[in-house]
Amino acid sequence: MAAPDSALTVPLWRAAHGRTGDKGNRSNISVIAWHPALYPLIVEQIDEAAIARRFAHRRPSAVVRHLLPNLHAMNVVLDDVLDGGVNDALNLDSHGKALSFLLLELPLRVPLSLAPLLRGPESIL
Amino acid sequence: MPISSLILRVGCAAGFSGDRTDAAPPVVDALVAAGGPAVLIFETLAERTLALAHLAKRHDPSTGYEPLLEPMLAPVLAKCLRHGVRIVSNFGAANPRGAALRIRALALAQGLAPPRIAVIAGDDVSGPAHRAALHERLGAALDARPIVSANAYLGAEPIAQALKAGAQIVVGGRIADPSLTVGPALAHFGWAADAWDRIGRATMAGHLLECGTQVSGGYYADPGLKDVPGMAHLGYPIAEIDEQGDCTITKPAGSGGRVDEHTVKEQLLYEVHDPAAYLTPDVVADIGAAQVEPVGDDRVRLTGVRGHPRTGTLKVNVCFESGWLAEGEISYAGARAEARARLAADVLRERLRGVGALRADLIGVASVFGDDAGHWLAGVPAGDARDVRLRVALRHAERAAAEQLAREVTALYCCGPAGGGGVRTALRPTLGTLSCLLPREQVPTHVEMFD
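One numbering rule holds for all chains: residues counted from 1, following each sequence as written. For naming, the first written chain is A and the first written ligand is 1, with later ones following in the order written. Given that this is a predicted model, residues contribute local features only at a pLDDT of at least 70 and side-chain atom pairs are listed and counted only at 80 or more, while totals for whole chains, interfaces and linings are drawn from all residues.

Participant: Give me the overall build of chain A: which residues, what numbers.
Facilitator: If you tally the helices and strands in chain A, you get three helices and seven strands. Runs of H or I in DSSP of at least four residues are treated as helices and runs of E of at least two as strands, each being numbered from the N terminus. Reading chain A from its N terminus to its C terminus gives the helix and strand order β-β-β-β-α-α-β-β-α-β. Throughout, the radius of gyration refers to the C-alpha atoms, and the reference size of a globule is 2.2 Å times the residue count to the power 0.38. For chain A, the C-alpha radius of gyration of 15 Å lies close to 14 Å, the compact-globule estimate for 125 residues. Taking the principal axes of its C-alpha atoms as reference, chain A extends roughly 45 × 30 × 25 Å.

In structure tokens, the structure reads:
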């Protein structure tokens, strides 16, 4: 683990991108590293517990990560987080289309040596 | 054999009902310019779309197919028929035969010879023949509800059968989205029924195509982070599929959008759960070892997909009438706008207590990430937002009860906090869905040719 002064904490969207899909009351969110060298950090830090905490208000009954090392990506599957899904939810966004942006705000600790690989407008947490 | 026929090109000109209707011409132009065997697909069905089509057909038996069928197809029908670009779609929805008749009439109106149209039937399992089987699986949940539709997801085989029989246009109802691509690949390459790896690869090619521009720059842009050029004129995708089923995704030259490894990865994982087991009527596709690799400008190759034997069942969705959704909105702006909107929400909660669980959103403060029970909103500290739209919603089985929400929101004009404006209310009948699996042999399909 890097010493505190040799790393910075950024929102996950600087290291990865993703998209939400829905089927019934289940949401899946892809998390795709912008660069292969960032992928191990994501696997280490964006674990099921961190994701479950982020979505606690939606009361997931299960949170599962599927790792896809060839794609430098993981697929997060959240059960029962859509208030019944597109037919039943009262949410304006009954599909949960926006939820990737909730996940991509999780903090990620990145060693300074990898900071040049981060994308997007500079933003640290 | 000329090199070009070793590649089958499949272009997709619609990813859902309501997609852009000017999508097809650039795709067809690109397919024709490339030469070689080519197919144009339109994917226009979702669970809700199909149920709505059944409701439309109830009112008028000649309808029930994709309402935008004509604007989608009219600009390219003649060119496709002239150049041998076959058309495959599930835009038949609740009435594939009706869609076929409409297409035939469209061709005649354009002075074309009547095309050979194949209609795929068998997906509708709402009739008495399947009632016992559905009841066995869904039980009492089925009895209590007014059924709108029950459709099985059909696979690629009837499409392949229709194309081999010479169909120029194949019209189906609830055909699984990726099967629209697998069917033409089966017919073109003549794969064995158990060529699971190849079928799995073609399935993922179809998966990449099935949402239209979602693989070519649509639904991707995030300014400053994920920029996409030419979004007002996105190019719809084309898959170049080889004999092994591997594919290269691209888009028409000169069109807007982008195809790169990132746009392709986002769509590859879209609506996937276990990446090693993506279930379709045709195969269990496995992208656990898939590779995505840029091979040129706006060209990305997908390899490494595997396939496992298909399951013995087909998924069935049963849609039923589930009651009413009532929504209302009112805006507050200027000093203390958020406080006034929060007060209005409190007033509505009290006025509608006993009618049903009320969801309240403060648009401009917190309205989307939150849950229906309000845990999220309760955790958002009161702030000083100066442009807030209150939105409330509830469901009820009875129309009269749901109507109370509209009256209470409207009453805020006089009885609510100061300066509320722009009331809008809506009341809509809602549909629910139940799903189950039926053994394949209980869902016979057949292909009917219209010459």
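Participant: Would you mind going over the overall build of chain B in detail, with residue names and values included?
Facilitator: Scanning chain B for helices and strands turns up 14 helices and 18 strands. The C-alpha radius of gyration computed for chain B amounts to 25 Å, which stays within 12% of the reference 22 Å derived for 451 residues, consistent with globular compactness. Residues with at least 20 neighbouring C-beta atoms inside 10 Å of their own are called buried, those with 12 or fewer are called exposed, and the rest are partly exposed, where every C-beta is derived from the backbone. The buried share of chain B, reckoned over its 451 residues, is 51%.

Participant: Describe the interface of chain A and chain B, with residues and values.
Facilitator: Contact definition: two residues whose C-beta atoms, as placed from backbone geometry, lie within 7 Å. On the chain B side, the residues contacting the 32 residues of chain A number 39 residues. For the side of chain A that touches chain B, the secondary-structure elements that each account for two or more residues are strand 3 (20-23), strand 4 (26-33), strand 5 (62-68) and strand 6 (73-79) of chain A. Side-chain classes follow a simple rule in which Ala, Val, Leu, Ile, Met, Phe, Trp, Tyr, Cys and Pro form the nonpolar group, Asp, Glu, Lys and Arg form the charged group, and the remainder, Gly included, forms the polar group. Its residues assigned to classes, the side of chain A that touches chain B comprises 13 nonpolar, twelve polar and seven charged.

Participant: Can you tell me about the sheet that holds strand 2 (residues 38-42) of chain B, naming the residues and giving the values?
Facilitator: All names here are of chain B. The pairing criterion for strands is at least two bridges between them, as found by DSSP. Taken in spatial order, the ten strands line up as 11-12-8-7-1-2-3-6-4-18 in an open sheet, and their pairing is mixed. Bordering the open sheet on either side are strand 11 (291-296) and strand 18 (446-450), each of which pairs with just one other strand. Here the average twist between neighbouring strands, direction ignored, is 25 degrees. As paired elements, strand 3 (residues 86-89) and strand 6 (residues 169-171) share three bridges and run parallel to each other. Looking at the pairing, Ile87 lines up with Ile169 of strand 6. Note on geometry: axes are lines fitted to C-alpha atoms, helical ones only across the stretch in contact, with angles between N-to-C directions running from 0 to 180 degrees. Of the strands in this sheet, strand 3, strand 4 (117-121), strand 6 and strand 18 are in contact with helix 8 (residues 157-164), which crosses strand 4 at around 155 degrees. Helix-sheet contacts for helix 10 (residues 196-209) involve strand 1 (8-12), strand 2, strand 7 (238-241), strand 8 (247-250) and strand 12 (299-303), and the interaxial angle to strand 7 is about 170 degrees.

Participant: Residues and numbers for helix 1 (residues 24-34) of chain B, please.
Facilitator: All names here are of chain B. All of the buried residues in helix 1 are Ala24, Pro26, Val27, Val28, Ala30 and Leu31. In this structure, the buried side of helix 1 is in contact with strand 1, strand 2, helix 3 (69-73), helix 4 (77-83) and strand 7. With its phi angle positive at about 75 degrees, Gly35 sits one or two positions after the end of helix 1.

Participant: Give me the lowdown on the environment of Leu412 of chain B, citing residues and values where you can.
Facilitator: Residues and elements named next belong to chain B. Here Leu412 lies in helix 14 (residues 399-415). Using a count of 19 C-beta atoms within 10 Å as the deciding quantity, one classes Leu412 as partly exposed. In this structure, the C-alpha to C-alpha distance between Leu412 and Ala30, residues 382 residues apart in sequence, is 56 Å. If near-sequence neighbours (up to four positions away) are discounted, Leu412 is found in contact with Ile330, Ala344, Gly420 and Val423.

Participant: Quick one: what's the story with the domain arrangement of chain B, residue by residue and with numbers?
Facilitator: Each domain's limits were defined by an automated method or a database of domain assignments. According to the domain assignment, chain B consists of domain 1 (3-138 + 150-311) and domain 2 (319-433). A C-alpha centroid distance of 39 Å is found between domain 1 of chain B and domain 2 of chain B.

Participant: I'd like to hear about the packing of helix 9 (residues 179-189) of chain B against helix 10 of chain B, residue by residue, with values.
Facilitator: All names here are of chain B. Taken N-terminus to C-terminus, the directions of helix 9 and helix 10 make an angle of 135 degrees; their axes are 7 Å apart at the nearest point. Accordingly, the angle class assigned to the pair helix 9 and helix 10 is oblique. For the pair helix 9 and helix 10, the crossing hand works out as right-handed. Contacts between helix 9 and helix 10 involve Ser179, Leu180, Thr181, Val182 and Ala185 on the former and, on the latter, Ile199, Ala202, Thr203, Ala205, Gly206 and Leu209. Angular relationships are summarised with four words: roughly parallel below 35 degrees, roughly antiparallel beyond 145, roughly perpendicular across 65 to 115, and oblique for the angles in between. Crossing handedness: left-handed means the near helix sits turned counterclockwise from the far one by under a right angle, and right-handed means the same turn made clockwise.

Participant: Describe the sheet that holds strand 10 (residues 284-286) of chain B, naming the residues involved and giving the relevant values.
Facilitator: Consider a sheet: its strands pair through backbone hydrogen bonds, and that pairing is either parallel or antiparallel. Residue and element names in this part refer to chain B. What the three strands build is an open sheet, ordered 9-10-13; its pairing is antiparallel. In this open sheet, the two strands that pair with only one neighbour each are strand 9 (278-279) and strand 13 (306-308). Relative to strand 13, strand 10 runs antiparallel, the two sharing three bridges. Paired with Asp286 across the strands is Arg306, a residue of strand 13. Running over the sheet, helix 10 touches strand 10 and strand 13 and is turned about 115 degrees from strand 13.

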